[in-house]
Amino acid sequence: MSTENLPQSPEQQPPRKPRVAVVFGGRSSEHGISMVTAGAVLRAIDRTKYDVLPIGITREGRWVLTADEPERMAITERRTPDVEELAESSEGGVILPVDPANREVVYSEPGSVPKALGEVDVVFPMLHGPYGEDGTLQGLLELSGVPYVGSGVLASAVGQDKEYMKRVFISFGLPVGPYVVIRPREWELDESTARKKIIDFAGEHGWPLFVKPARAGSSIGITKVDDLSGLDEAIAAARQHDPKFLVEALLRGREIECGVLEFEDGPRASVPAEIPPVQSHDYYDFEAKYIDSTPGLVPAPLTPEQSAEVRRLAVEAFDAASCEGLVRADFFLTEDGTFVINEINTMPGFTPISMYPQMWEATGVPYPELVDRLIQAALRRSTGLR
């Protein structure tokens, strides 16, 4: 008698592949770059090893099922993509579990019975900026008991807020450049006093200065200000993205980046890279980074001693902020030969031109293995206090 069509016992059934929800888009000004990043990750995930569930978050905050079509998640004609263009429905929404004992994701449309989409084993949050990279999504996933790639709530929040990031680095003895912070209440109660604070800072450190949102990334909202006449316009540009903003002194030197990746035995640093000046751009702004970019120098042309030092500082920054999974640490190598840390990025770009995967490729970890290591690290880690 043939057993071909008989139901298999649980022991005979093949084990279920881990299911990865790749979440992208979001409410921040980095919505489009998040999609470009997620498209590259979707292309790289080993589909023989993992099941994949693409979930987009619209600019208004609606969670939607999207087409699994990474080729549509790219910059075309100098324009970034939008989640709404890939959404399978204009009204349906994805609902994450709020019960740690249940990891089943549900899809719901008005007037229809909610549809169970199955359990999610790990979330790969490819979100940049507020409402995703800043600890908010990480807190939601902690409440849901769903493991996720990258840093936890505290490190994500510290990595997003440039003021507190710098405060943490200073407390751990890491070298940080001169800066001043203008908080929302300061500006709203007394603009003239807040402006004088900046002018006094310029008197001490000189022009030009950089004005930037405190909690934004991808070089969005940053302005180089050469003199007092451009200050108010720069402040307005920064405050379009964040009511809190920073003013930083110009550090003359080379831009050096270094990737940190969490291995089974702890964090390790990649070979560093250098960001060369982009012709026609005064500094490394959004268009220089994503539109008109030139290839970075990987590895950076540093002495062995300089390379070892920046790798050491990158791991120290990772540990200082209690990071997990991955970090890209950005430095200036000043004219006197000192490394100064500019910032860390707890969810760096994974676009085809992004420096983080390029640095690890040069270190011996190719892109697909890098993505796999991040997923595996998340699966090994529990949610909650750790």
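First, a word on what this report is: a plain description of the structure on this page. (Residues numbered from 1 in each chain as written. Predicted model: local features only at pLDDT ≥ 70, side-chain atom pairs only at ≥ 80, totals over all residues. Heavy atoms only, no water.)

Side note on the pairing of strand β13 (residues 266-269)
What counts, and what does not: Here, a strand pair is defined by DSSP locating no fewer than two bridges between the strands. We count a stretch as a helix when DSSP gives it H or I for four or more residues in a row; a strand needs E for two or more, and each element gets its number in order from the N terminus.
Here strand β12 (residues 253-263) runs beside β13; their pairing, made up of 4 bridges, is antiparallel. Directly across from Glu-262, in β13, lies its bridge partner Pro-267.

Concerning the pairing of strand β16 (residues 339-345)
Short version of the rule: Exposed residues in this analysis have more than 50% of their type's maximum accessible area, buried residues have under 20%, and partly exposed residues fall in between, with area computed by a 1.4 Å probe over protein chains only.
Summarising burial for β16: 7 of the 7 residues are buried, a large majority. Here 6 bridges tie strand β15 (residues 326-334) to β16, and the two strands are oriented antiparallel to one another. Bridge pairing links Leu-333 to Phe-339 in β16. The antiparallel hairpin formed by β15 and β16 contains 4 residues in its connecting segment, where Gly-337 sits at a positive phi of about 85 degrees.

Let's talk about helix α1 (residues 31-44)
What counts, and what does not: What a helix should span is 1.5 Å times the count of its residues minus one.
The terminal C-alpha atoms of α1, which comprises 14 residues, lie 20 Å apart, in line with the 20 Å expected from a rise of 1.5 Å per residue. α1 sits mainly inside the fold: 13 of its 14 residues count as buried.

Examining the sheet that holds strand β10 (residues 223-225)
Counted only if it meets this: Inter-axis angles, ranging from 0 to 180 degrees, are taken between N-to-C directions of lines fitted to C-alpha atoms, where helices are fitted over the stretch in contact. The contact criterion used throughout is that any non-hydrogen atoms of two residues lie within 4.5 Å.
Taken together, the 4 strands give an open sheet; going across it, the order is β8-β11-β9-β10, and neighbouring strands pair in antiparallel fashion. Both outer strands of the open sheet, β8 (179-182) and β10, are each paired with one neighbouring strand and no more. Neighbour-to-neighbour, the strand axes of this sheet turn through a mean angle of 25 degrees, independent of strand direction. Two strands pair when backbone bridges link them, and strand β9 (residues 209-213) and strand β11 (residues 245-249) are joined in this way by 5 bridges, in the antiparallel orientation. Its bridge partner being in β11, Leu-209 is matched across the sheet by Ala-249. Across the sheet, helix α4 (residues 162-171) lies against β8, β9 and β11, angled at about 140 degrees from β8, the strand it touches most. Along the sheet, helix α6 (residues 191-205) contacts β8, β9 and β11; its crossing angle with β8, the most-contacted strand, is approximately 175 degrees.

Considering empty space enclosed by the protein
What counts here: Here a cavity denotes grid points, spaced 1 Å and computed from the protein atoms alone, that fit a 1.4 Å probe unable to get out, and a pocket denotes an open set having protein on both sides within 12 Å along at least 5 of 7 lines; residues with an atom within 4 Å of a point are the lining. Grid points are joined across faces, edges and corners, and a volume is the space filled by probe spheres set on the points. Any residue outside Ala, Val, Leu, Ile, Met, Phe, Trp, Tyr, Cys, Pro, Asp, Glu, Lys and Arg is labelled polar, Gly included; the first ten of those are nonpolar and the last four are charged.
As enumerated under the stated definition, the model contains 3 cavities of 30 Å³ or more in all. A volume near 100 Å³ is recorded for the second largest cavity. Lining the second largest cavity are 13 residues, and of these Gly-159, Gln-160, Ala-216, Gly-217 and Asn-345 sit closest to its centre. Secondary-structure elements contributing two or more residues to the lining of the second largest cavity are α3 (153-160), α4 and β16. For the lining of the second largest cavity, the leading source of residues is β16, giving 3 residues. Considered class by class, the residues forming the lining of the second largest cavity number 3 nonpolar, 6 polar and 4 charged.

Section: the nonpolar core
Formally: Nine residue types can take part in a nonpolar core, namely buried Ala, Val, Leu, Ile, Met, Phe, Trp, Tyr and Cys, and a core is a set of them joined through side-chain atoms within 4.5 Å.
In this structure, Val-22, Ile-45, Phe-124, Met-126 and Phe-350 are the most contacted members of the largest nonpolar core, which totals 35 residues. For this core, the secondary-structure elements that each account for two or more residues are β1 (19-25), α1, β7 (122-126), β12, α10 (355-363) and α11 (367-380). Beyond its immediate chain neighbours, meaning those up to four positions away, Phe-124 contacts Val-20, Ala-21, Val-22, Val-23, Val-41, Val-149, Val-371, Leu-374 and Ile-375. Core analysis: the next-biggest nonpolar cluster, separate from the first, contains 28 residues, Val-158, Ala-269, Ala-317 and Ala-329 among them.

Quick notes on the layout of surface pockets
When its volume is computed, the second largest pocket comes out at roughly 170 Å³. Lining the second largest pocket we find Glu-142, Tyr-148, Gly-152, Val-153, Leu-154, Ala-155, Ser-322, Glu-324, Gly-384, Leu-385 and Arg-386. With 3 residues, α3 is the single largest residue contributor to the lining of the second largest pocket. In terms of residue class, the lining of the second largest pocket is built from 5 nonpolar, 3 polar and 3 charged.

Topic: the environment of Thr-66
With respect to the secondary-structure elements, Thr-66 resides in the loop between β3 (63-65) and β4 (93-95). Expressed as a C-alpha distance, the spacing of Thr-66 and Leu-86, which sit 20 residues apart in the sequence, is 5.1 Å. The contacts of Thr-66, once residues within four sequence positions are left out, are Phe-24, Pro-54, Ile-55, Gly-56, Val-83, Leu-86, Ala-87 and Glu-88.

Here's the deal with the packing of aromatic side chains
Where we set the bar: The pairing test for Phe, Tyr and Trp rings, Trp by its six-membered ring, is centres within 6.5 Å, and the orientation test on the planes gives stacked under 30 degrees, edge-to-face over 60, and tilted for anything in between.
Under the criterion given, the structure shown has 6 aromatic pairs. Between Phe-350 and Tyr-356, the aromatic rings sit 5.7 Å apart at their centres with planes inclined by 50 degrees, giving tilted as the arrangement. For Phe-350, a relative accessible area of 0% corresponds to the buried category. In textbook terms, an aromatic cluster arises when at least three aromatic residues are bridged by ring pairs, as seen for Phe-124, Phe-350, Tyr-356 and Tyr-367.

Structural notes on the pattern of salt bridges
For clarity, the threshold we go by: Salt-bridge detection follows one rule: a side-chain nitrogen of Lys or Arg within 4 Å of a carboxyl oxygen of Asp or Glu.
In the structure shown here, the tally under the stated rule is 33 salt bridges. The salt bridge involving Arg-195 is made with Glu-191; its shortest N-O contact spans 3.5 Å. You can see Arg-195 and its partner Glu-191 sitting in helix α6, 4 residues apart, about one turn around the helix. A salt bridge links Arg-328 to Asp-330; its shortest N-O distance comes to 2.9 Å.

Spatial relationships are all this shows, so hold off on functional conclusions.
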